[in-house]
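# A closer look at the structure
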Amino acid sequence: MEFRFENYILKAFLASGLLSIVMMVLALGLIQLFREGPALRLSIILVLAAIAFVLSASFFERYEVGSIMWSMLVSLIATLILTLLSGGIIYLKSPAQSWEELLSGLAICIIVAMILLNYLKRSLGEIEY
């Protein structure tokens, strides 16, 4: 039996499910950040920021679409996302939360993810025309 992604409902469910898991881990990482501080050491965070800055600066220079300020903003956002993802994974491993809270949060994230994907689909459709 071959698994194919031709069914629209299955595609929508998988996309919203994956996006909701990422949103949930980011939210847990934010909780971890405010409760116990960053999950990564400062030296690792600085290395992540430097790598993201170099990659974004070279991308913007190659395609001539941005500046150093945009590269700094992209590297800041990428570093924050990676730090929050690592903190969320660490927070998931700790026994500080109950399964009911996690499932409730995941359900809310699935609903929000589907709304975001629907809005994104419509706004991208308006840009194409």
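Report on the accompanying structure. Note that the structure is predicted; figures quoted are calculated from it, not measured.

### Focus on the overall build of the protein
Helix and strand counts for the protein come out as four helices and zero strands. The linear arrangement of helices and strands in the protein, starting from the amino end, is α-α-α-α. At 18 Å, the protein has a C-alpha radius of gyration far larger than the 14 Å of a compact globule built from 129 residues. In terms of its C-alpha atoms, the protein occupies a principal-axis envelope of roughly 50 × 45 × 30 Å. Across the 129 residues of the protein, 22% fall into the buried class. Considering only intrachain contacts with a sequence separation of at least 6, the fraction spanning at least 24 residues in the protein is 73%. Of the roughly 10,000 Å² that the protein leaves accessible, carbon and sulfur atoms contribute 73%.

### Quick word on helix 2 (residues 42-63)
A rise of 1.5 Å per residue sets the reference length of helix 2, with its 22 residues, at 32 Å; its end C-alpha atoms lie 31 Å apart and thus fit the reference within 8%. For helix 2, the full list of buried residues reads Ile 45, Ala 52, Ser 56, Ala 57 and Phe 60. On an axial view of helix 2, the arc spanned by its buried residues comes to 130°, and they lie on one face. Those residues of helix 2 that are exposed and aimed more than 90 degrees away from the buried face are Val 54, Leu 55, Glu 61 and Arg 62. Looking at the buried residues of helix 2, the elements they touch are helix 3 (68-93).

### Let's talk about the packing of helix 2 against helix 3
If you want to describe how two helices pack, look at the angle between their axes and the distance between the axes. Packing of helix 2 against helix 3 leaves a shortest axis separation of 8 Å and a crossing angle of 140°. When the interaxial angle is binned, helix 2 and helix 3 end up oblique. In the crossing of helix 2 with helix 3, the sense of the turn from one axis to the other is right-handed. Between helix 2, through Ile 45, Leu 48, Ala 49, Ala 52, Phe 53, Ser 56, Ala 57 and Phe 60, and helix 3, the contact on the second element is made entirely by Ile 68, Trp 70, Ser 71, Met 72, Val 74, Ser 75, Ala 78, Thr 79, Leu 82 and Thr 83. Taken together, the residues of the contact of helix 2 with helix 3 sort by class into 13 nonpolar, five polar and no charged.

### Quick look at the nonpolar core
A general tendency of soluble globular proteins is for nonpolar side chains to be buried together. With five residues, the main nonpolar core is built from Met 24, Leu 28, Tyr 91, Leu 102 and Cys 109. If you list the elements that add at least two residues to this core, you get helix 1 (8-36) and helix 4 (99-128). Filtering out sequence-adjacent residues up to four positions away, Leu 28 remains in contact with Gly 87, Gly 88, Tyr 91, Leu 92 and Leu 102.

Thresholds applied
Residues numbered from 1 in each chain as written. Predicted model: local features only at pLDDT ≥ 70, side-chain atom pairs only at ≥ 80, totals over all residues. Heavy atoms only, no water. Helix = DSSP H or I, 4+ residues; strand = E, 2+ residues; numbered from the N terminus. Rg over C-alpha atoms; globule rule 2.2 N^0.38 Å. Buried < 20%, exposed > 50% of the residue type's maximum accessible area, 1.4 Å probe, protein only. Contact = heavy atoms within 4.5 Å. Areas by Shrake-Rupley, 256 points an atom, 1.4 Å probe, with all protein chains shown as cover. Expected span 1.5 Å × (residues − 1). Arc of directions from axis to C-beta. Axes fitted to C-alpha atoms, helices over the stretch in contact; angles between N-to-C directions. Parallel < 35°, antiparallel > 145°, perpendicular 65-115°, else oblique. Left-handed = near helix turned anticlockwise from the far one by under 90°. Nonpolar A, V, L, I, M, F, W, Y, C, P; charged D, E, K, R; others polar. Core = buried A, V, L, I, M, F, W, Y, C linked by side-chain atoms within 4.5 Å.

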